[in-house]
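Structural description and commentary
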Amino acid sequence: MSAVPGWMVLLALLLAAVAPAESRAADSPETKKRESSEILIQNAIVLTVTHGTIEHGSILIQDGKIAQIDASIKAPKDALVIDASGQYVMPGIIDCHSHIAIDGKVNESSISVSSIANIADVLDSDDIDIYRDLAGGVTTANVLHGSANSIGGQTVVIKLRWGQPSAKLPFEGAMPGIKFALGENPKDTNRDDGPVRRYPATRMGVEETIRGAFAAARYYQSEWDAYNKKVAKGSKNLIPPRRDLRLEPLVEVLEGKRYVHAHCYREDEILMLLRVAKEFGFKVRTFQHVLEGYKVADELAAAGAGASTFSDWWSYKIEAYDAIPYNAALMTRRGVLVSVNSDDAEEATHLNQEAAKSIKFGGLSHGEALKLITLNPAMQLGIDKRVGSIEVGKDADLVIYDRDPLSAYAVVQKTLVDGQVYFDRQADLANRPNLEREKKMLLEKEKKKAPAAKPAATVPKPADTEPEDSPDSRGVSPKNLPLIETQAAANGAAR
Amino acid sequence: MIVAFYVLVLPFAMANRSAAQTSESVYAITGAKIFILAGDPIDNGTLIIRDGKIAAVGVGIPVPAGAHVIDAKGLQVYPGLFDPVTQMGLSEIAAVSATVDDSELGSFNPNVVASEAILPSSEHILVTRAAGITEVLAAPASGGFDARSKPEILGGQASAIHLAGWTISDMLIKKSAAMVVGWPQMQTRPADSPKGAKSFADAKQEYDKQVQELSDWIERARHYALALNRGSSADYQPDLKLEALVPVTRGELPLLIFASREREIRAAVNFCDARKLKMILAGGAESYKVKDLLRSKNIPVILLPTLTEPSNEDDPYDRLLTQPSELAAAGVKFAFGSFDNSFSRRLGQQAANAVSHGLPYDVALKAVTEYPAEIFGLGDQLGTLESGKVANVIVTDGDPLELTTNVKFLFIKGQLTSTDNKQKSLYERYLNRPKAR
């Protein structure tokens, strides 16, 4: 983070001093509700994902976990009762590819093996996208490094505990990951702001970069193994091997202690990585985007690799020209564990709608489509014992919709994480006049002291988030709308 | 019997990427619920298509002898959807500049015309119409998809096209449907970087200069129009740029002005008002702040996708989802736009998301059919199912705004048109891939 300008640090400190995250929701009714240790959701249509649909059901939540699921449950004394008559409850949405809650840029693009970088070090609990995605029913996100490098930074799974400090965001016990990237982005194709090129510049070079890194990691691992064996046998005064923070995460991959999430598009590069993984004896946990996964679905299934893809994005670059909206369905039919992800803070707010498209394109059932954003990504992230379905003993990460979530008309009413209401549409609506008033007051205050604060007025505001691919593939983002100056366009996300 | 014949023939007809014109171009869609949009839906209705036009629509209309009959019992009929801002046919693969022809160099190119560069066999056309979109406006998007180039101010002329045809002349609805303007932005810093920040005074100076330039162009075009009226072509030196602006100065060709912020929208409205120019607002992220002004000046809006992040961090999370209902309540006419090619097929989804945030359903439906047609002066030809109009018609198994609805039959200019495309054929090819060993 040495590249962070001083003013940005200053601004961050200032913001932290002015608005500590914990105080944000203090004393609000929302906070009180959150603190209830017992919640009963009544009269709902419950989409359990693993045990079908309960047409009229109740869910009792105790200490953040699902304690009971039944047609009707008597409300315990002091429990917060949520009447969800006519509404749908489903497991919280799990976004297997997200770049929210990252402070600053998402790419350490200076070197092609940047496994030293760790997203967990730069989590930003103040990112408004956490709240917006919560309002779209997302409760868990796999937060990834960008795709500028063959081997990118370390990744972290978070829960969207809006209002909690950064240290409280990581999903306890979730396996950490590492981002790989294949194809156009790591080979630096889409950079057109000058002749700056770096190795690798071809898919051959990407393969070689990954092989080279794992060859080094395997040797490094053997050095430590030999050292540890000698120590175990009682040798003393040995000089340990020099620590290599770049290779350590790769050794963890070799030892099955860290998942590989590989950004990719084309069929050839998918099979390439499977060959490299086989050579070095590691698994690719998920192929991300994997828009040509449908061409090599059998190979993906045979390797036990998951696939996390987009619903209907295509043609923003040449490696996305053969993308088809049938991808999720076709891979599912061929036995691949598939999820639908967002890669974009806005897209994440309607992943339920994106999953529904696999019913139209490829004929998945309602239940199969629902799994694409719940149980399947939970399995891909190794957290399915905790989340991904509505079952007794699982975390009470739930979304309540006003109608079938696989409809374009469904609107999130409440989102619960760990049995606490983190988003409540009615509370949000009710609070808007207060926020308006507060904003007005702050503006007035600012106006009054404006003459004295002359230099501050020229301090530029930092961009909230950086596109994943920036700066190497500026302009390949399908959401960059012409001439429309929106945050989404500026953020440009991440393909 | 006719139906059976039809079912056999259909796959062959559908195999043609663009339906060829045949002499037997009479169709009867029967037994459907017909959403004519010019009035209440018709249950168990019949719609007759003859020679590219809607010949009749109603209950109990006799089926003409020799007509192809489509038994649409249980199905629904709507006008085809109209996407009013795309770069259809002008851009194939956004990141491959050799395939992108949607913006010229330079800031003032009123003389370039979209239809001169539209690729009729673009894959985007086939994919988009499979979603029930039968016509679009293809716009020279100032600044391009990615704002790599400096935003243009006069981007060129947008063309309204049908999404089927062997050549551009088959496809053309209106060659010059609007003049694209990228309203200058007052920016103290670039959108993506704190580098290159400038003071407000400098930014304003640059902005004022750009607006003045635009004003000068309009003024010169007025003078040019006077010369046109008076002399023969030998009397003045031809200037194609000014000539292209003449219909704008006469209020015949609308300016399609891309602007997002309240300040820019107000400035653009006042600019056009003072010069008696016809204006359509495009984008309009902050239209809700100027809805009364837009209504009072009768300025329609092509709204940016509802599924877009709010512009400001402190905006309500659903800021762009509720905007359509606010505009509708204020009496502002608007249409939904994709502002894209690959996401054009999300047009219905964009509209549905406004419905779930307060927009009446019938307004949403009109905002993807009737209103865009009206906004570009094509309301007499398109947008509703009335006899005499061009037969751009879709037959669906449900609500065309819903995610899981399928387009069963698609008519463009009265021709039964294929919904096959590259994506469908790739799907079929790999569905049938033998199991890998």
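Residues numbered from 1 in each chain as written. Chains lettered and ligands numbered in written order. Predicted model: local features only at pLDDT ≥ 70, side-chain atom pairs only at ≥ 80, totals over all residues. Heavy atoms only, no water.

1. Some thoughts on the nonpolar core
In summary, soluble globular proteins display a tendency toward joint burial of nonpolar side chains. Judged by nonpolar contacts, the single largest core of 168 residues is most densely connected at Phe180(A), Phe214(A), Phe282(A), Phe287(A) and Trp183(B). Among the elements that take part in this core, helix α4 (residues 200-230) of chain B stands out by supplying nine residues, more than any other. Split by domain, this core shows at least three residues from each of two domains, domain 1 (1-80 + 383-437) and domain 2 (81-382) of chain B. Dropping the residues within four chain positions of it, Phe180(A) is found in contact with Asn149(A), Ser150(A), Ile151(A), Gly152(A), Ile210(A), Phe214(A), Val260(A), His261(A), Ala262(A), His263(A), Leu273(A) and Phe282(A). If you look at the next biggest cluster of nonpolar residues, it comprises 26 residues, including Ala160(B), Ile280(B), Ala282(B) and Ile375(B). (Core = buried A, V, L, I, M, F, W, Y, C linked by side-chain atoms within 4.5 Å. Buried < 20%, exposed > 50% of the residue type's maximum accessible area, 1.4 Å probe, protein only. Helix = DSSP H or I, 4+ residues; strand = E, 2+ residues; numbered from the N terminus. Domains from an automatic or database assignment. Contact = heavy atoms within 4.5 Å.)

2. Some thoughts on the sheet that holds strand β9 (residues 177-181) of chain A
All names here are of chain A. One open sheet holds the eight strands; their spatial order is β6-β7-β8-β9-β10-β11-β12-β13, and the pairing between them is mixed. Either end of the sheet is taken by a strand with one partner, and the two such strands are β6 (93-98) and β13 (338-340). Taken pair by pair, the neighbouring strands of this sheet meet at an average axis angle of 25°, ignoring direction. Looking at chain direction, strand β10 (residues 259-264) and strand β11 (residues 286-289) are connected through four bridges and run parallel. By the bridge assignment, Cys-264 is partnered in β11 with His-289. (Pairing = 2+ DSSP bridges. Axes fitted to C-alpha atoms, helices over the stretch in contact; angles between N-to-C directions.)

3. What to know about the side chain of Thr396(B)
Residues and elements named next belong to chain B. In this fold, Thr-396 is placed in strand β14 (residues 393-396). Exposure remark for Thr-396: the relative accessible area of 1% places this residue in the buried category. At 2.6 Å, the side chain of Thr-396 forms a polar contact with the backbone oxygen of Gly-398. Beyond its immediate stretch of four places on either side in the chain, Thr-396 contacts Leu-75, Gln-76, Tyr-78, Thr-405, Asn-406, Val-407 and Lys-408. (Polar contact = N/O pair within 3.5 Å; in protein donor to acceptor, adjacent residues only side chain to side chain.)

4. Quick notes on the pairing of strand β1 (residues 26-34) of chain B
Residue and element names in this part refer to chain B. Of all nine residues in β1, eight are buried; the element is thus mostly enclosed. Looking at chain direction, β1 and strand β4 (residues 68-71) are connected through four bridges and run parallel. Bridge pairing in β4 links Tyr-27 to His-68. In the sheet, β1 pairs with strand β5 (residues 76-79) via two bridges, with the strands oriented parallel. Of the residues in β5, the one forming a bridge with Lys-33 is Gln-76.

5. Some points on the domain arrangement of chain B
All names here are of chain B. You can read the domains of chain B as domain 1 (1-80 + 383-437) and domain 2 (81-382). Spacing between the C-alpha centres of domain 1 and domain 2 amounts to 30 Å. Every contact between the two is made by 31 residues of domain 1 and, on the other side, 34 residues of domain 2. Counting each side, the surface lost to burial between domain 1 and domain 2 is near 2700 Å², with a carbon and sulfur contribution of 61%. Viewed at the interface, domain 2 and domain 1 are joined by zero salt bridges. Applying the counting rule to domain 1 against domain 2 returns 10 residue pairs in polar contact (both at pLDDT 80 or more). Per-element tally for the side of domain 1 that touches domain 2: the top contributor is strand β15 (residues 407-412), with four residues. For the side of domain 1 that touches domain 2, the class distribution of residues is 15 nonpolar, 10 polar and six charged. (Buried area = accessible area lost by both parts, 1.4 Å probe. Salt bridge = Lys/Arg side-chain N within 4 Å of Asp/Glu carboxyl O. Nonpolar A, V, L, I, M, F, W, Y, C, P; charged D, E, K, R; others polar.)

6. Thoughts on the sheet that holds strand β10 (residues 255-259) of chain B
Residues and elements named next belong to chain B. What the eight strands build is an open sheet, ordered β6-β7-β8-β9-β10-β11-β12-β13; its pairing is mixed. Only two strands of the sheet have a single neighbouring strand rather than two, namely β6 (81-86) and β13 (334-336). Here the average twist between neighbouring strands, direction ignored, is 25°. Sheet topology note: the strand β12 (residues 301-303)/β13 ladder contains three bridges and is parallel. Counted as the bridge partner of Leu-303 is Phe-336 from β13. Docked against the sheet, helix α6 (residues 262-275) engages β10 and β11 (279-283), running at close to 160° with respect to β10. Helix-sheet contacts for helix α9 (residues 347-355) involve β6, β7 (133-138) and β13, and the interaxial angle to β13 is about 125°.

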